[in-house]
Amino acid sequence: MKNRGYYGDYGGAFLPEILVATFDELEKEFERIKKDPSFWKDYETLMSSYSGRPTPLTFAGNLTQKFGGAKIYIKREDLNHTGAHKANNVMGQGMLVKQMGKKRVIAETGAGQHGVATATMAAKFGFDCTIYMGEVDVLRQRPNVFWMEQLGAKVVPVKDGTRILKDAINEAFRDWVTNMDTTHYVLGTACGPHPFPEMVSYFQSIIGKEARKQILDAEGRLPKRVYACVGGGSNAMGLFSGFFNDPVELIGVEAGGKGLNSGRHASRLCSNDASAGIAQGYKTYFLQDDDGQMKETHSISAGLDYVGVSPILSHMHDTGKARFESATDTEVIKALQLTMQKEGIIPALESSHAFARAFKEAPCLSKEEAIIINQSGRGDKDIFTIADAVDDPEWKEFIIEKANEYNA
Ligand SMILES: *Cc1c(COP(=O)(O)O)cnc(C)c1O
């Protein structure tokens, strides 16, 4: 065991012997680009020409008026190419892979969003691309599977275990062990063995760097609080890192699902259902039982539905550097509807968790203060879930009509 990549007691790299050299190489390359100012400059240039950066910081005047407290600002990661902050991570790793001379990328995906982002990056850089996905998820996420394939990626349905995300992660590692020389594994969030938590957070830090400058330009002062939803933790780390050295309160919002007492949620840091453990190559809080069996998770948003969490956030939780809250499925739909109707903005279901919590707290702050909500992605992708949740009868009719066309 190495001592690098630890955040307090969390993190590390618990690897099979065969992968140690590959991780050493990755770490060495990452350390090199971190010290090379031209890499970050090229990264910013790529993100501005390909992914709409810098993304705006939007003042939400109507929501501010409605709650009558702090000024509400929204950091618009939904305006990235492919509709979410995931582009920041995959494009950064793509640039690194190119410099390392590798020609093939693999990734695992649950809901398919990270798979689509990786397939997009691979098309742009000319890499061969294979995406591992649990067979159950392949069936549930047809639109994303369709786009990955159209973008030129090979999607492999994983038939092992319960045929969901964790099984896809195992399969991706198996591929990597076999093809280390040619292949890079594009991990999708600030989790996994070192150096991934640090590296993914590094690329996502572009969010916080921009947001800090933008709020100072707009308000002439720092925000009181900043809010981000927490799945694996990458968009939260991205926004938070801009304010690490400031007197700004950092708030991470997890999936409260049907409620923290229901057993049907994905809250690792603000429920009593998680404990520290080692799995998937790193140490963090996992939703697990006393025997270390991973629990079933639930969230209305696929992107927050995960048993582990970034080891960096676990450490920030224990030390009080950040505060963690949750929002239930019902609160999330309400916050989403309000944001659409008041601002004409459609946040992703994931992002709507941050909105829901911020709406609860905004009225308690003074009108002179400002808060920032990270809109990690756009909600168009969630049309099936949202239409079901608001029980739109015409949408149902449309789906049935479509199905009948195929049956005819
Ligand atoms: C994937 C995803 C998330 C969750 O990932 P983090 O690593 O926690 O940021 C959040 N929001 C959106 C829109 C996503 O697509």
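On a predicted model such as this, the values are computed, not experimentally measured, just so you know.

Visitor: I tried to follow the pairing of strand β5 (residues 104–108) on my own but got confused; where do I start?
Guide: On any regular strand, side chains alternate: one points to one face of the sheet, the next to the other face. Counting buried positions along β5 yields five of five residues, so the element is predominantly enclosed. Here β5 runs beside strand β6 (residues 128–134); their pairing, made up of five bridges, is parallel. Across the sheet, I106 pairs through a bridge with T130, a residue of β6. As for the winding sense of the linkage, the β-α-β connection from β5 through helix α5 (residues 113–125) to β6 is right-handed. As paired strands, β5 and strand β8 (residues 183–185) are joined by three bridges and run parallel to one another. Residue pairing across strands places I106 opposite Y185, the latter belonging to β8.

Visitor: Just to check I follow, could you spell out the pattern of salt bridges for this structure?
Guide: A side chain of one charge can pair with a side chain of the opposite charge if their charged atoms are brought near each other. Under the defined criterion, the tally for this structure stands at 37 salt bridges. E198 is paired through a salt bridge with K34; the nearest N and O atoms lie 2.5 Å apart. Of the two residues, E198 is situated in helix α9 (residues 196–219) and K34 in helix α1 (residues 17–34); the sequence distance between them amounts to 164 residues. Among the residues examined, E198 registers a relative accessible area of 22% and is labelled partly exposed. Judged by relative accessible area, K34 falls into the partly exposed class, the value being 30%. Across the salt bridge formed by E249 and R225, the nearest N and O atoms sit 3.0 Å from each other.

Visitor: Which parts of the structure should I look at to understand the sheet that holds strand β3 (residues 57–59)?
Guide: Remark on secondary structure: sheet strands pair via backbone hydrogen bonds, oriented parallel or antiparallel. Strand order in the open sheet formed by six strands is β3-β4-β14-β9-β10-β13, with mixed pairing between adjacent strands. The outermost strands of the open sheet, each flanked by one partner alone, are β3 and β13 (323–328). Shown here is a sheet whose adjacent strand axes are inclined to one another by a mean of 30 degrees, direction ignored. Both strand β10 (residues 249–257) and β13 contribute to a ladder of six bridges, which runs parallel. When the sheet's bridge partners are listed, G257 is paired in β13 with T328.

Visitor: What is the right way to read the site of the ligand from this model?
Guide: Neighbouring the ligand are 15 residues, the closest being K86, T189, G231, S234 and S376. Between the ligand and the protein, one listed contact pairs an oxygen atom with a side-chain N or O atom of H85 at 2.8 Å. Contact distances for the ligand include 2.5 Å between an oxygen atom and a side-chain N or O atom of K86. In the shell around the ligand, the residues fall into three nonpolar, 10 polar and two charged. If you count residues domain by domain, the shell around the ligand takes at least three from each of domain 1 (6–47 + 85–196) and domain 2 (54–83 + 206–388).

Visitor: Looking at this model, I keep getting lost on the packing of aromatic side chains. Mind explaining?
Guide: In this description, a pair of aromatic rings is defined by centroid distance and the angle of the planes. Under the definition given, this model contains 22 aromatic pairs. With a centroid separation of 6.4 Å and 40 degrees between ring planes, the pair formed by F39 and F203 is classed as tilted. Of this pair, F39 sits in helix α2 (residues 37–50) while F203 sits in helix α9, and the two are 164 residues apart along the sequence. Ring geometry for F173 and W176: centres 6.4 Å apart, planes at 45 degrees, overall tilted. Of this pair, F173 and W176 both sit in helix α8 (residues 165–179), three residues apart, roughly one helical turn.

Visitor: What should I look at first to understand the pairing of strand β11 (residues 274–279) in this one?
Guide: The pairing of β11 with strand β12 (residues 282–287) spans six bridges and is antiparallel. Residue pairing across strands places A274 opposite L287, the latter belonging to β12. Counting the residues in the hairpin turn of β11 and β12 gives two residues, including Q280, whose phi is positive at 45 degrees.

Visitor: I would appreciate a short explanation of unusual backbone geometry in the present structure.
Guide: Put simply, R53 and P54 share a cis peptide bond, and its omega is -5 degrees. The omega angle of the peptide bond from H194 to P195 is 10 degrees, so this bond is cis rather than trans. The residue P195 is located in the loop between β8 and α9 in this model. At D391, a residue that is not glycine, the phi angle is positive and equals roughly 55 degrees. Assignment of secondary structure puts D391 in the loop between α14 (383–389) and α15 (393–407).

Here is what the cut-offs are and how they apply
- Residues numbered from 1 in each chain as written.
- Predicted model: local features only at pLDDT ≥ 70, side-chain atom pairs only at ≥ 80, totals over all residues.
- Heavy atoms only, no water.
- Buried < 20%, exposed > 50% of the residue type's maximum accessible area, 1.4 Å probe, protein only.
- Helix = DSSP H or I, 4+ residues; strand = E, 2+ residues; numbered from the N terminus.
- Pairing = 2+ DSSP bridges.
- Right-handed = clockwise from strand over helix to strand, strands pointing away.
- Salt bridge = Lys/Arg side-chain N within 4 Å of Asp/Glu carboxyl O.
- Axes fitted to C-alpha atoms, helices over the stretch in contact; angles between N-to-C directions.
- Near = heavy atom within 4 Å.
- Polar contact = N/O pair within 3.5 Å; in protein donor to acceptor, adjacent residues only side chain to side chain.
- Nonpolar A, V, L, I, M, F, W, Y, C, P; charged D, E, K, R; others polar.
- Domains from an automatic or database assignment.
- Phe/Tyr/Trp six-rings, centres within 6.5 Å; stacked < 30°, edge-to-face > 60°.

The analysis is restricted to geometry; functional conclusions fall outside its scope.
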